[in-house]
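Overview (structure and organization)
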Amino acid sequence: MSPLNQLLSPITIKSMSLTNWVVMPPMGTNLGRDDGTVSPENLAYLKRRAQGQPGLIITEITAAHPEGIASPNQLGAYDDRFIPGLSRLVAVAHEAGSKIAMQIHHAGRESTFLLEQGKAVAPSPVPSIVFRRTPREMTLEDIKEVILAFGSAAVRAREAGFDAVELHGAHGYLLTQFLSAISNRRTDEYGGATLKERSRFVIEVITEVRRQVGPGFPISVRISGEEYIRGGYTIEDMQTILPDIVRAGADIIHASIGTHGSPGAITQATPEYEPGFNVGLAKKIKEVVSVPVIAVGRFSDPALADEVIGRGDAELVAFGRQFLADPDFLIKAKAGRTAEIRKCIACNQGCIEREILGEGNIRCSINPETGQETIYPKGPAAKPKKVLVVGSGPGGLTAAFEAARLGHRVTLFEQEEELGGQLRYARIPPYKKIYGEWIDWQIDQVRKAGVTIQSGTPVNERLLRDQNPDHVILASGGEKIIPPIAGIEKPSVCDAWQILSGTVAPKDHILVVGGGLIGMETADFLSEQGKEVTLVEMLERSPVRKITSHGYMLHQRLQEKKCRLLFGTVLKSIGDGSVEIETKGETSTLSPVDQVVMAVGLKPRDELKGILESLKIPFSVIGDARQPRRIFEAVEEGAQAVWKL
Ligand SMILES: Cc1cc2nc3c(=O)[nH]c(=O)nc-3n(C[C@H](O)[C@H](O)[C@H](O)COP(=O)(O)O)c2cc1C
């Protein structure tokens, strides 16, 4: 069988015929208008994804009830006024040849927006694990109202032209809150000791939706196969209610995983989880029901999805973040151009975490077009310019690629022989290989785009005069900070970059100085090799936040490997075989310490600024050269600097 035969064959589910078995799963965008209606940004974002030709697109969470919204700009379906905008979403998908389902949602207690106003409702007054506030317990009248609201929202979806609806029964929102013993403590007919007893609300919601939309309209039910939290339900529990879910009206089961507060945010799994890691749950679901099942979880390779379907583990495969990283991945795969696919690195910086942390609407840290479709210039630029990019980290490479894509004449200068900036090192710690694959891909794209690359070439005043560019993108990155500590000159002292690159061999008892990402990842790298690692950080709390999925994983691993993390602690002096540290004004000696690895961070390397000003060459400073930060900011600033040219 030729590659992708399974994935690319048609499938019909009730009234819905799909051209292939690829699903774009629901992804909240925060792009809606403040009144919950569809915005031009929603349409542009969806159109770009639909151009990638998935068989089925499922919209982001769409509110069934005003008391269940996660945020004011969440799309709504609880009133007829939403129908015109929703039908424009449908038109965008249909024009591109995809079918589209609307995901119907009620946040229950998982809405910080409603919790803050004291308006959030839930099966029981149990505080949200994430937001820590307590919702109001739903009365039987509330329950009836919400059940009806799901049905009415589904009818509006049908009126707007959607091909199906999906009921959001996953990830800890209202439906899961009823299923979960952690959040459902009710003693009436909607509670109970078993999942089967607690499933009554979910079953009634499905039944009502089926009643209102009629027998032929497809209904998908998204569930978390496992709650994946201490005390949560398991897939074996879920197996006991799945036949009821199907009997009530589900035509498709969408097999997600995890809940709010699941460790490491497994729903949007990090690189620690293998691509397709969650297929096992889809298989377990198929043991007990015969309707089509959608598998989801770190898929970025259509060939893997094809295998999964070929083995019969699932009928459909959802690619979530991959649609953010590269909406054209399926078209590229179909054409055998797999090397051109920009693979999702599962970093969560631009997408889910940006949204959860209230940093803004959906983006992708490696694809600057995502979430910015309405301002993304298609090119070519009206006035092609001679652009000089200084530095080849994520920001410089993005700027160089974008400038070449828009028709500018671009030269990229890198003072080192090897391209990649900080990524040359950041790719080395455990589970970071995927970042390295991305930077290699990006370098390749820059070459193919026709950028002249001059590595091993520092940029100075003479070079700038000779080149006489129209614009310079200063992406020269950061410079290591070397703090004035007694003993810093000793041979036992090195820095994180020397350790990661292998230019200095690690010893056995190591002190890492600095608890930012570089220090933490270096500690991870060293403890992975069995070294005894202590890390000191002057801040009282870790700058690597456990609320981020990568941060959670790092803290978890360091704890498992018994790496000692000392916060609020300053390194005072470095001796021979020991160091002096100070915690809360108390000095103590740490020993044995046979190596001190400095990772106190970077400061902007931007000395060319003054020269550019004196030469009156227009320039933009981006990424770490502006302020040391993450890939997301470097890529974003690199692209935006070029778009403004
Ligand atoms: C930015 C973002 C928003 C999401 N919003 C939703 C949502 O609205 N409804 C939902 O059921 N799942 C949501 N998810 C989960 C995805 O549908 C999907 O299950 C998850 O990203 C795992 O798939 P992936 O590994 O292919 O990205 C969201 C995920 C991301 C990254």
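In this report, we go over the structure that sits alongside the text.

Calculation rules
Residues numbered from 1 in each chain as written. Predicted model: local features only at pLDDT ≥ 70, side-chain atom pairs only at ≥ 80, totals over all residues. Heavy atoms only, no water. Near = heavy atom within 4 Å. Polar contact = N/O pair within 3.5 Å; in protein donor to acceptor, adjacent residues only side chain to side chain. Areas by Shrake-Rupley, 256 points an atom, 1.4 Å probe, with all protein chains shown as cover. Nonpolar A, V, L, I, M, F, W, Y, C, P; charged D, E, K, R; others polar. Axes fitted to C-alpha atoms, helices over the stretch in contact; angles between N-to-C directions. Helix = DSSP H or I, 4+ residues; strand = E, 2+ residues; numbered from the N terminus. Parallel < 35°, antiparallel > 145°, perpendicular 65-115°, else oblique. Left-handed = near helix turned anticlockwise from the far one by under 90°. Contact = heavy atoms within 4.5 Å. Buried < 20%, exposed > 50% of the residue type's maximum accessible area, 1.4 Å probe, protein only.

Observations concerning the site of the ligand
Taken together, 21 residues are adjacent to the ligand, and Pro26, Arg222, Arg298, Gly320 and Arg321 come closest. Ile61 is positioned with one of its backbone polar atoms (N or O) 3.2 Å from an oxygen atom of the ligand. Backbone polar atom of Arg298 to an oxygen atom of the ligand: 2.7 Å apart, as the coordinates give it. Protein chains shield 96% of the accessible area of the ligand, which is 610 Å² for the free molecule. Broken down by class, the residue content of the shell around the ligand amounts to nine nonpolar, eight polar and four charged.

Section: the packing of helix H14 (residues 394-405) against helix H16 (residues 433-448)
If you want to describe how two helices pack, look at the angle between their axes and the distance between the axes. Where H14 contacts H16, the axes come no closer than 9 Å and their chain directions differ by 30°. Judged by the angle between their axes, H14 and H16 are roughly parallel. As H14 packs across H16, the resulting crossing turns out to be left-handed. In this structure, H14 contributes Pro394, Leu397, Ala400 and Phe401 to the contact, and H16 contributes Trp438, Ile439, Gln442, Ile443, Gln445 and Val446. Here the contact of H14 with H16 is built from residues that sort into eight nonpolar, two polar and no charged.

Overview of unusual backbone geometry
Cis geometry marks the peptide bond from Gly379 to Pro380, where omega comes out at -5°. Assignment of secondary structure puts Pro380 in the loop between helix H13 (352-356) and strand S13 (386-390). Residue Ser591 is joined to Pro592 through a cis peptide bond whose omega torsion reads 0°. Inspection of the secondary structure puts Pro592 in the loop between strand S24 (586-590) and strand S25 (595-598). Phi at Arg298 takes a positive value of approximately 60°, unusual for a residue other than glycine. Structurally, Arg298 is set in the loop between strand S11 (293-296) and helix H10 (302-310). Judged by relative accessible area, which is 12%, Arg298 ranks as buried. Phi is positive for Asn468, close to 45°, though the residue is something other than glycine. In this structure, Asn468 sits in the loop between helix H17 (461-467) and strand S16 (471-474).

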